[in-house]
Amino acid sequence: MAIAFVYALRVYLLEGFYVVTYAGDLESSWYSLARAICIALVLTFFSAFDVPVFWPVLLFYWIVLFVSTMKRQIMHMIKYKYVPFTLGKQRYGKKPPPSDETSSGGSELRP
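Let us look at the structure shown here. (Residues numbered from 1 in each chain as written. Predicted model: local features only at pLDDT ≥ 70, side-chain atom pairs only at ≥ 80, totals over all residues. Heavy atoms only, no water.)

### What about the overall build of the protein chain?
Now for step 1: For the protein chain, the helix and strand inventory stands at five helices and zero strands.
Now for step 2: For the protein chain, the N- to C-terminal ordering of α and β elements is α-α-α-α-α.
Now for step 3: Looking at the 111 residues of the protein chain, the share that counts as buried comes to 3%.
Now for step 4: If you sum the accessible surface of the protein chain, you get close to 11,400 Å²; carbon and sulfur atoms cover 69% of it. (Helix = DSSP H or I, 4+ residues; strand = E, 2+ residues; numbered from the N terminus. Buried < 20%, exposed > 50% of the residue type's maximum accessible area, 1.4 Å probe, protein only. Areas by Shrake-Rupley, 256 points an atom, 1.4 Å probe, with all protein chains shown as cover.)

The following block contains the structure:
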């Protein structure tokens, strides 16, 4: 945590992290993210917030979040028929050598 603070201080003093400094929208997202992490870290020190949770509920919550955030990407994949986990993809191997009839075009007569 100390390393992250030193890095953030260096970025602030030197104005060196241009991704954050030139985009105001990104700056507010970084601020919100840092604030949420700090609040979550402070709340871990209080036993009142140590609530037991049944693991299937967490799994269901994770799946809902994943699907809701990846909906656009999933719809794009479906639109272009891209399925990265398909089985039985076509394998390319050696072609059989061409026969004499196809290589000569069949114009020659053979005895």
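### Structural notes on the packing of aromatic side chains
The description of an aromatic ring pair rests on the distance of the ring centres and on the angle between the ring planes.
Now for step 1: Tallying each qualifying case throughout the model produces one aromatic pair.
Now for step 2: Their ring planes at 15° and their centres at 5.4 Å tell us that Trp-62 and Phe-66 sit as a pair that is stacked. Placement of both Trp-62 and Phe-66 in helix H4 (residues 55-79) is noted, with a separation of four residues, approximately one turn of the helix.
Now for step 3: The exposure class of Phe-66 is partly exposed, given its relative accessible area of 38%. (Phe/Tyr/Trp six-rings, centres within 6.5 Å; stacked < 30°, edge-to-face > 60°.)

### So, unusual backbone geometry
Now for step 1: Phi is positive for Lys-81, which is not a glycine, with a value near 55°.
Now for step 2: Its place among the elements puts Lys-81 in the loop between H4 and helix H5 (100-104).
Now for step 3: Under the relative-accessibility criterion, Lys-81 is labelled exposed at 75%.

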